[in-house]
Amino acid sequence: MYRLGFIGTGNMGTAMVQAAANSGYAKECFLTNRTRLKAEKLAQKYGCTMANSNSEVAQQAYYIMLGVKPHLMAGVLQEIAPVLKQRQQAGERFVLVSMATALTIEMLKDMVDGEYPVLRIMPNTPCAIGKGMVLVTPDSLVQPQETEELCCLLRAAGRFDPIEEDLMDAGSVIAGCTGAWACMMMEGLADGAVQTGIPRAKAIEYAAQAVMGAAALVLESEKHPGQLKDEVCSPAGSTIVGVHAFERAGLRGAAMDAVTEAFARTNQMKQK
């Protein structure tokens, strides 16, 4: 029996396999993927075990990590449903763990046509390097110690936070999409630095380190971002001039629009 069985090793699945391995649980990981070579390379790199099929993972894992895209989830759950039913009838304990955007616990249970413990998590790609944000929502059939154990097995992913399911989609937008938006911001800052004469590689490094440092300062100091911004805006200084440029371009309004529009799109995905 493996503690962690991964069905799907795409971006999120791979990030969580890396987190499990970095937590010291590579040998507890059982992997399969639609493109087998991808899972084989991952297993070889971290010392995990390859499975021959989705059903084999469903048969031999305690936490069955569903790392497939939302539109493929129904097919995967229907495929493994007979195995899950047999395990339940035999009195075996297991937990389905979904990493799919927009699919509620109720929707997942309808797809698998069974009343099994389901735990939704929404990780992001920085989980692979221990800087992730993982939102966690268990259903009523998941025991508290199981949620705790899963977070422990994946603890190298970064931060974990329990959230009510009706807030999961909104939370996953800000936790999951922000990385892409931050990369756009860093690219723009680096472009500006290049225009002022800084070599490209140095510009990217400086921008990335500055953004990472600012984020860490928010989390560690627990100060409001606005306060930290004010602390570095000296009278008649260069920072406040840059703040004015951002305000003139509507940076904060654009950021708010990005979040609300991404949330609206997530809700649309539920209706497909």
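Above this text you will find the structure in question.
Sequence positions are assigned chain by chain, starting from 1 and proceeding in written order. Given that this is a predicted model, residues contribute local features only at a pLDDT of at least 70 and side-chain atom pairs are listed and counted only at 80 or more, while totals for whole chains, interfaces and linings are drawn from all residues. Derived side-chain values reflect all non-hydrogen atoms in the structure, with water molecules and hydrogen atoms excluded from consideration.

> Hey, could you run me through the sheet that holds strand β2 (residues 29-32) in this one?
In any sheet, the strands associate via hydrogen bonds between backbone groups, in a parallel or an antiparallel arrangement. Between any two strands, at least two bridges found by DSSP are needed for them to pair. Each helix is a run of DSSP H or I of at least 4 residues and each strand a run of E of at least 2, with the numbering of both proceeding from the N terminus. The sheet built from 8 strands is open, its strands ordered β3-β2-β1-β4-β5-β6-β7-β8 with mixed pairing. Across the chains shown, the open sheet's two edge strands, defined by having one partner strand only, are β3 (49-50) and β8 (158-162). One ladder, built from 5 bridges, connects strand β1 (residues 2-7) with strand β4 (residues 61-66); its direction is parallel. By the bridge assignment for β4, G5 is matched with I64. Each of β1, β4, β5 (95-98), β6 (118-122), β7 (132-138) and β8 is contacted by helix α6 (residues 144-153), which is oriented at about 70° to β4, the strand it contacts most. In what follows, residue pairs with any heavy atoms lying within 4.5 Å of each other are defined as contacts. Fitted lines through C-alpha atoms give the axes, limited to the stretch in contact for helices. The angle between two N-to-C directions lies from 0 to 180 degrees.

> In this structure, what is going on with the nonpolar core? I would like to understand it.
What tends to happen in soluble globular proteins is that the nonpolar side chains get buried as a cluster. Nonpolar cores were defined as sets of buried Ala, Val, Leu, Ile, Met, Phe, Trp, Tyr and Cys residues, with membership established by side-chain atoms within 4.5 Å. The buried label goes to any residue with under 20% of its type's maximum accessible area, the exposed label to any with over 50%, and the partly exposed label to all in between, with areas taken from a 1.4 Å probe on protein chains only. Within the largest apolar cluster, 34 residues are counted, with the highest numbers of intra-cluster contacts made by L4, M65 and I121. Apart from residues lying up to four places away in sequence, M65 is in contact with L4, G5, F6, I7, V97, M99, I121, L150 and L154. If you look at the next biggest cluster of nonpolar residues, it comprises 26 residues, including F30, I64, L84 and F94.

> How do you make sense of the packing of aromatic side chains when you look at a structure like this?
The relation between two aromatic rings is expressed through the spacing of the ring centres and the mutual angle of the planes. When two rings of Phe, Tyr or Trp (its six-membered ring) have centres within 6.5 Å they constitute a pair, described as stacked for plane angles under 30 degrees, edge-to-face for angles over 60, and tilted for the intermediate range. Inspection of every chain in the model, using the stated rule, returns 3 aromatic pairs. Taken together, a centroid distance of 5.4 Å and an interplanar angle of 50° make the contact between F94 and Y116 tilted. Highlighted residues: F94 in the loop between α4 (70-89) and β5 and Y116 in the loop between α5 (105-112) and β6, separated in sequence by 22 residues. Pair check on accessibility: F94 and Y116 agree, each one buried.

> Would you mind going over a nonpolar patch on the surface with me for this structure?
There is a patch of nonpolar side chains on the surface, built from L189, F246 and L251 and spanning about 220 Å² of accessible area. Here F246 is to be found in helix α11 (residues 238-249). Exposure remark for F246: the relative accessible area of 33% places this residue in the partly exposed category. Nonpolar side chains (Val, Leu, Ile, Met, Phe, Trp, Tyr) within 5 Å and like charges within 9 Å form the patches, drawn only from residues with over 30% relative accessible area and no salt bridge. Computed with a 1.4 Å probe, the accessible areas rest on the Shrake-Rupley method; for each residue, only the protein chains presented here act as cover. Each salt bridge in this description consists of a side-chain nitrogen of Lys or Arg and a carboxyl oxygen of Asp or Glu lying within 4 Å of one another.

> Help me out: how do you make sense of the side chain of D169 in this one?
In this fold, D169 is placed in helix α7 (residues 165-176). Assessed through its relative accessible area of 4%, D169 is described here as buried.

> What's the story with α5 in this structure? I'm lost.
Two residues of an α-helix separated by three or four positions point the same way, owing to the 3.6 residues in each turn. Turning to α5, its buried residues are I105, L108, K109 and V112. In an axial view of α5, the angular spread of the buried residues amounts to 100°, which keeps them on one side of the axis. In α5, the exposed positions angled more than 90 degrees off the buried face are occupied by E106 and D110. Where α5 is buried, its residues touch α4, β5, β6, β7 and α7. D113 lies just past α5 and shows a positive phi near 55°. Each C-beta atom gives one direction from the helix axis, and the arc is the one those directions make.

> For this particular structure, what's the right way to read the pattern of salt bridges?
Should their charged atoms come close, side chains of opposite charge can pair. This model, assessed by the stated rule, comprises 12 salt bridges. R3 serves as the salt-bridge partner of E149, at 2.7 Å between the closest nitrogen and oxygen. Pair noted here: E149 is in helix α6 and R3 is in strand β1, with a separation of 146 residues, a long-range link. Assessed through its relative accessible area of 27%, E149 is described here as partly exposed.

> For this particular structure, what's the right way to read helix α8 (residues 178-195)?
One fewer than the residue count of a helix, multiplied by 1.5 Å, yields its expected span. Between its terminal C-alpha atoms α8 stretches 26 Å, which fits the 26 Å expected from 18 residues at 1.5 Å a residue. Inspection of α8 places M186, A190 and A193 among the buried residues, and these make up the whole buried set. Mapping the buried residues of α8 onto a view down its axis gives an arc of 55°, with all of them on the same face. Of the residues in α8, the exposed ones pointing more than 90 degrees away from the buried face are M184, E187 and Q195. Buried-residue contacts for α8 involve α9 (200-221).

> Which parts of the structure should I look at to understand the packing of α4 against α5?
The geometry of a pair of packed helices is captured by two quantities: the angle between their axes and the separation between those axes. Running from amino to carboxyl end, α4 crosses α5 at an angle of 60°, the nearest separation of the two axes being 8 Å. With respect to each other, α4 and α5 are oriented oblique. Contacts between α4 and α5 involve M73, A74, L77, Q78, A81 and L84 on the former and, on the latter, L108, M111 and V112. Charged residues are taken to be Asp, Glu, Lys and Arg, nonpolar residues to be Ala, Val, Leu, Ile, Met, Phe, Trp, Tyr, Cys and Pro, and polar residues to be all remaining types, Gly included. Looking at the contact of α4 with α5 residue by residue, the classes come out as 8 nonpolar, 1 polar and no charged. Here is the rule for angles: anything less than 35 degrees is roughly parallel, anything more than 145 is roughly antiparallel, 65 through 115 is roughly perpendicular, and the remaining ranges are oblique.

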